[in-house]
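# Architecture and fold: a report
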Amino acid sequence: MSDDNETPPYRRQDLDTAERVLDLIDRMTLEEKAGQLVGTWGGHLREELTFEDVADAVREYYLGVAAPFGWAAPLATDPVDVAELANELQRVAREETRLGIPMLFNLDAVHGNAYVADTTVFPNGLGAAATWDPELVEKSAEITATEVRRSGAHQNYSPTCDVARDLRWGRTFETFGESPLLCATLAAAKVRGYQQGEDPVLATAKHFPAYSEPERGEDASPVDVSEYKLRNTFTRPFVDALSAGVDSVMPSYNSVNGEPSHGSQTVLTDLLRDELGFDGHVVSDWNGVRQLAADHRTAKDQRDAVQQAHAAGLDVASVGSVEHAENLVDLVESGELDEETLDASVRRVLERKFELGLFEDPFVDPDAAVETVGSDDHREVAREAARASMTLLKNDGILPLSGDEDVFVCGPNADDLVHQLGGWSVLDADDAVGETVLEALRECAERDDNDASVTYEQGATLNETLDLDAAAEKAAEADVAVLALGEGWYLHEFGPAAQAGVPTGEWPTRSELGLSDAQRELAHRIHETGTPVVGVLVTGRPLAVDWLDRNAAGLLMAYYPGTEGGRAVAETLFGENDPSGRLPISVPRSTGDLPQYHDHLAHPRPIGDDEHPPSYAPLYEFGHGLSYTMFEYGDLGVENAELEEEGELDVTVTVSNTGDRPGTETVHVYGRQEVSSRVRPERWLVGFERVSVEPSESESVTVSIPATEFGFHKPGEGHVVEPGEYRAFVGDEEATFEIAE
């Protein structure tokens, strides 16, 4: 063992990170610097890359980033194989490159490390948001980080900070819904969970700065927004993620006001770094750099695209591979890109590798990965999250089931675990743990205190009817029919759905928010039997289900509930779990009502509302959700009724459980400014708090709301909190308060 005088400073753990980074950068060639800013991955939709392809790129081009277990063609899914693959690539980087710089592995573990077999998969974004529980979301993220890190990866391309404003968009299911505050609160919770646990990974806030209101609802199409909307709606979750210490930010694929985010100095330097103060590293979305030339046509070729992206403020091209590295070297050598720009980016990447301890030990124990992934205690938290997400939209008294009914189950999502997981997950049910809705209903029915029976006939796939006569015959003999309907596995623009057995272009699509023809026909046939229908929606987006609202006796929104979702649905239907989920997003009556969200701006209605109802009256409103008990609000009051600009408003309300079961309610506080210098929303969410109340009991709930939540970004002035009169709303209660000069 050599002494410290012979050990390069960057190898010495006793020195601080800044000194180690500086020493290492001084030793690096231009090619080695370029390699640290370029990633590759283990598969492509059109061509497979083998392990040796990736290893050769590391040896020859010093690539420092990789996604060897990704979404389209992973090199491995088994936990042991994943860990061993990570170790072998680390060995190549450590032993077969001159400086032995370890690799940084990234992946999309947006709701659990869901591309690893038998892992713990939590409810996807909307389902997590339906819990309205930041602590539970943070705990879920911490478990995800543990399963990611012990499998060999280090950076999670999550949380999604996009505020969903167009339900046609195929990535709605990844978001935390339509409220900037709710999205911000849960994004910050995920950042803390990923980065502050015992097995931290780098969190990545995406997709900066505005991605989720694309033209026509088409993924990655332009977003043209005013500064007013950009700053008051879309950037708020990123601000909170930065405040929580997020290590990385990913720009959006689309252009914003004519500038592609991946090549925009306005976005990546002026706004993100200079104004918001971000000093972490910026990573591209998958093909975001290539698209500057290929799609946006703001670059003449890929070399020009690389120059634009790095000059704008990008640090790492996630899957730029060898071509990107070669272009970087050539651009610096020709004087078209300053080497100082590369050095700043390399510093950010190396800082994170040092802070993660990769220079000391980049390897993982495959046996520990197997023990960790999908462990019982992890799955119990996923079960808790799935239970808390269950959102009861309608109940005519049929729910909860008594436990002695003959239950008929049908629909494409009744017995399909892959559909239950949703996108960003394994595509083979053999790689997933958990129970389907059907399996869990059968298990509940067979418990000692129940005397129920369960029959099943699928009746339809997502898009095709099957034996409808058999389904109707079984339904007619049952006491209740449970229809598990909705969407299946998809990504982005409802693809590559062909990998999940549904050709891209078939339902679901942007143009149709209703159920498919086949599912509607199945629902009609079952309803015609006269057996009461309970609909269960396993879906990524809110669907326009006005027919079910009119005709079903009960309707449960399950979102994509993850590996434990089948049990959560069954327990909810049988009354073992009280549905405490509340909608994080509005459910429209039709596609024609879009856009539709609770915090719409005040505006005139010149022809009145008598014959033309307001267009902001959804089928189910933001925050809606029923319980198996009843809650009443009363005694709403505000302290600090003359609020200072830097103060907090304490909103207190009494929540009474007037039913005969314990239950959990989420208290939503909305605000409104009576007179303002700019047009403001009719009302908007300013705070919330979950509370559990025993039957015939009451709880006093206080929600503390910073005065800044009543302010807004005013172009030319920044964030302002204007003096004057405001209102706070909780349920049907309201109170007035003043913000002082």
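### Section: the overall build of the protein
When helices and strands are counted, the protein shows 22 helices and 25 strands. Relative to a compact globule of 741 residues, whose C-alpha radius of gyration would be 27 Å, the protein shows 26 Å and is just as compact. Once the C-alpha set of the protein is aligned to its principal axes, its extents read approximately 80 × 65 × 50 Å. Expressed as a percentage of the 741 residues in the protein, the buried residues total 62%. Considering only contacts within the protein whose residues lie at least 6 apart along the sequence, 76% involve residues at least 24 apart. Summed over its atoms, the accessible surface of the protein is roughly 26700 Å², and 42% of this surface lies on carbon and sulfur atoms. One way to put it: in the protein the 56 positive side-chain charges average out to a point 4 Å from where the 141 negative ones average out.

### As for the packing of helix α18 (residues 437–445) against helix α22 (residues 565–573)
Running from N to C, α18 and α22 cross one another at 45°; their axes reach a closest spacing of 8 Å. Here α18 is positioned oblique relative to α22, judged by the angle of their axes. Relative to α22, α18 is oriented so that their crossing is right-handed. Note on element contacts: α22 touches α18 through Gly566, Arg567, Val569, Ala570, Glu571 and Leu573, opposite Val437, Ala440, Leu441, Glu443 and Cys444. Of the residues in the contact of α18 with α22, the class split is seven nonpolar, one polar and three charged.

### Thoughts on the sheet that holds strand β18 (residues 648–657)
Taking strand neighbours across the sheet as the criterion, the three strands line up as β16-β18-β21 in an open arrangement whose pairing is antiparallel. The open sheet is flanked by β16 (631–639) and β21 (698–706), the only strands paired with a single partner. Direction aside, the axes of adjacent strands within the sheet are offset by 20° on average. Where β18 and β21 come together, nine bridges link them in antiparallel fashion. In the strand pairing of β21, Val651 is matched with Val703.

### Some remarks on α18
Among all positions in α18, only Val437, Leu438, Ala440, Leu441, Cys444 and Ala445 are buried. End-on, the buried residues of α18 take up no more than an arc of 165°, which puts them together on one face. Tucked into the core, α18 has its buried residues touching β11 (406–410), α17 (417–421), β12 (453–456), β13 (480–486) and α22.

### Things to note about helix α6 (residues 134–150)
The end-to-end C-alpha distance of α6 is 24 Å, a good match for the 24 Å that 17 residues give at a rise of 1.5 Å each. Among all positions of α6, only Leu136, Val137, Ser140, Ala141, Ile143, Thr144, Ala145, Thr146, Glu147, Val148 and Arg149 are buried. The secondary structure elements touched by the buried residues of α6 are β3 (104–107), α5 (125–130), β4 (155–156), α7 (180–195), α15 (366–372) and α16 (376–389). After α6 finishes, the residue Gly152 shows a positive phi value of roughly 115°.

### Re the environment of Ala429
Considering the arrangement of structural elements, one finds Ala429 in the loop between α17 and α18. In sequence terms Ala429 and Val418 are 11 residues apart; their C-alpha atoms lie 5.7 Å from each other. Residues within four places of Ala429 in sequence aside, it is in contact with Leu417 and Val418.

### What about the nonpolar core?
Ranked by internal contacts, the top residues of the largest apolar core, which has 115 residues, are Leu24, Met28, Val246, Leu328, Leu350 and Leu685. By residue number, the principal contributor to this core is α7, which donates nine residues. Among residues more than four places away in sequence, those in contact with Leu685 are Trp132, Ser179, Leu181, Leu182, His598, Phe622, His668, Val669 and Tyr670.

### Details of the sheet that holds β11
The strand order β10-β15-β14-β13-β11-β12 describes an open sheet built from six strands, whose pairing is mixed. Taken across any chain shown, the strands that pair with only one partner, and hence form the sheet edges, are β10 (391–395) and β12. Taking each pair of neighbouring strands and ignoring which way they run, the sheet shows an average axis angle of 20°.

### Looking at the packing of aromatic side chains
As enumerated under the stated definition, the model contains 16 aromatic pairs in all. An angle of 70° between the planes, with centres 6.3 Å apart, marks the rings of Tyr490 and Tyr560 as edge-to-face. A residue pair is termed long-range when its members are at least 10 positions apart, and Tyr490 in the loop between β13 and α20 (517–528) and Tyr560 in the loop between β15 (554–557) and α22 qualify at 70 residues. Taken individually, Tyr490 and Tyr560 each receive the classification buried, so the pair is uniform in this respect. An aromatic cluster is defined as three or more aromatic residues linked by ring pairs; in this entry it consists of Phe173, Tyr490, Phe494 and Tyr560. Note that Arg165 overlies the ring of Tyr597, its terminal NZ or CZ placed 3.6 Å from the centroid. In this structure, Lys206 is placed above the aromatic ring of Trp424, and the distance from its NZ or CZ to the ring centre is 5.7 Å.

### Remarks on the environment of Val679
Residue position: Val679 is located in the loop between β19 (663–673) and β20 (684–693). Residues Val679 and Leu601, spaced 78 residues apart in sequence, show a C-alpha to C-alpha distance of 6.5 Å. Apart from residues no more than four positions distant in its own chain, Val679 is found in contact with Tyr228, Leu601 and Ala602.

### Focus: the pattern of salt bridges
Counted under the stated rule, the structure contains 57 salt bridges. Residues Glu339 and Lys33 are paired through a salt bridge, measuring 2.8 Å at the closest nitrogen-oxygen approach. Of the two residues, Glu339 sits in helix α14 (residues 339–355) while Lys33 sits in helix α2 (residues 30–36), which places them 306 residues apart along the sequence. According to the relative accessible area criterion, Lys33 is buried, its value standing at 6%. Residue Arg447 is joined to Glu576 by a salt bridge in which the shortest nitrogen-to-oxygen separation is 2.2 Å. One end of the pair, Arg447, is in the loop between α18 and β12; the other, Glu576, is in the loop between α22 and β16, with 129 residues separating them in the sequence. Arg447 gets classed as partly exposed once you look at its relative accessible area, which sits at 24%. Since its relative accessible area comes to 40%, Glu576 is described here as partly exposed. Each member of the salt-bridge network shares a partner with another, and the members are Asp247, Arg273, Asp279, Asp315, Arg347, Arg348, Glu351 and Arg352.

### Observations concerning the pairing of β13
By the criterion of burial, β13 is predominantly enclosed, with seven of the seven residues buried. Judged by which residues are buried, β13 turns out to be covered on both faces: Val480, Val482, Ala484 and Gly486 on one side and Ala481, Leu483 and Leu485 on the other are all buried. Here β11 pairs with β13 via four bridges, running parallel. Opposite Val409, over in β13, you have Val482 as the bridge partner. With six bridges connecting them, β13 and strand β14 (residues 533–538) associate as parallel partners.

### Side note on the pairing of β10
Most of β10 sits inside the fold, with four of its five residues counted as buried. Taken together, the four bridges between β10 and β15 define a ladder with antiparallel strand orientation. By the bridge assignment for β15, Leu392 is matched with Leu556.

### Quick look at a negative patch on the surface
Taken together, the side chains of Asp78, Asp81, Glu84, Asp118, Asp365, Asp367 and Glu371 present a region of like negative charge at the surface. Sorting the residues of the negative patch by element identifies α4 (79–95) and α15 as the ones contributing at least two each.

### Topic: unusual backbone geometry
Going from Ser158 to Pro159, the amide bond is cis rather than trans, its omega being 15°. With respect to the element layout, Pro159 can be found in the loop between β4 and α7. Cis geometry is adopted by the peptide bond preceding Pro400, which originates at Leu399 and carries an omega value of 0°. Take Pro400: it is sitting in the loop between β10 and β11. Even without a glycine there, the phi angle at Arg216 is positive, about 65°. At Ser696, a position not held by glycine, the phi torsion is positive, near 65°. Summarising the element assignment, Ser696 is placed in the loop between β20 and β21. Judged by relative accessible area, Ser696 falls into the exposed class, the value being 63%.

Conventions and cut-offs
- The residue numbers shown here count from 1 along each chain, following its written sequence.
- Two thresholds apply to this predicted model, a pLDDT of at least 70 for residue-level local features and 80 or more for giving and counting side-chain atom pairs, whereas whole-chain, interface and lining totals are computed over all residues.
- Calculation of side-chain values draws on the structure's entire complement of heavy atoms; hydrogens and water are dropped beforehand.
- Elements are defined by DSSP. Helices are runs of H or I of four residues or more, strands are runs of E of two residues or more, and each kind is numbered from the N terminus.
- For a compact globule the rule gives 2.2 Å times the number of residues to the power 0.38, and the radius of gyration it is set against comes from C-alpha atoms.
- For each residue, the accessible area found with a 1.4 Å probe, counting protein chains only, is set against the maximum for its type, and the residue is called buried under 20%, exposed over 50%, and partly exposed in between.
- By the convention used here, residues are in contact when the closest approach between their heavy atoms is within 4.5 Å.
- Using a 1.4 Å probe, the Shrake-Rupley method yields the accessible areas, and only the shown protein chains count as cover for residues.
- Only four residue types enter the tally: Lys and Arg on the positive side, Asp and Glu on the negative side, with His and both chain ends excluded.
- Where a charge lies is defined by one atom per residue type, namely NZ (Lys), CZ (Arg), CG (Asp) and CD (Glu).
- Angles here are taken between N-to-C directions and fall from 0 to 180 degrees, while the axes themselves are lines fitted to C-alpha atoms, restricted in helices to the stretch in contact.
- An angle below 35 degrees is treated as roughly parallel, one above 145 as roughly antiparallel, one from 65 to 115 as roughly perpendicular, and anything else as oblique.
- Handedness of a helix crossing follows the sense of rotation of the near helix relative to the far helix, less than a right angle counterclockwise being left-handed and clockwise being right-handed.
- In the scheme used here, Gly and all other residues not listed as nonpolar or charged are polar, with Ala, Val, Leu, Ile, Met, Phe, Trp, Tyr, Cys and Pro taken as nonpolar and Asp, Glu, Lys and Arg as charged.
- Criterion used throughout: strands pair if DSSP finds at least two bridges between them.
- In this description, the arc belongs to the directions extending from the helix axis to the C-beta atoms.
- For a helix, the expected span equals 1.5 Å multiplied by the number of residues minus one.
- Think of a nonpolar core as a cluster: buried Ala, Val, Leu, Ile, Met, Phe, Trp, Tyr and Cys residues, connected wherever their side-chain atoms sit within 4.5 Å.
- Ring geometry is summarised as follows: Phe, Tyr and Trp rings, the Trp one being its six-membered ring, pair when their centres sit within 6.5 Å, and such pairs are stacked at plane angles under 30 degrees, edge-to-face over 60 and tilted between the two.
- For a lysine, the NZ atom is tested; for an arginine, the CZ atom; a charge sits over a ring if that atom is within 6 Å of the ring centre and within 35 degrees of the ring normal.
- For salt bridges, the criterion is a side-chain nitrogen of Lys or Arg within 4 Å of an Asp or Glu carboxyl oxygen.
- Patch building starts from residues that exceed 30% relative accessible area and form no salt bridge, then joins like charges within 9 Å and nonpolar side chains (Val, Leu, Ile, Met, Phe, Trp, Tyr) within 5 Å.

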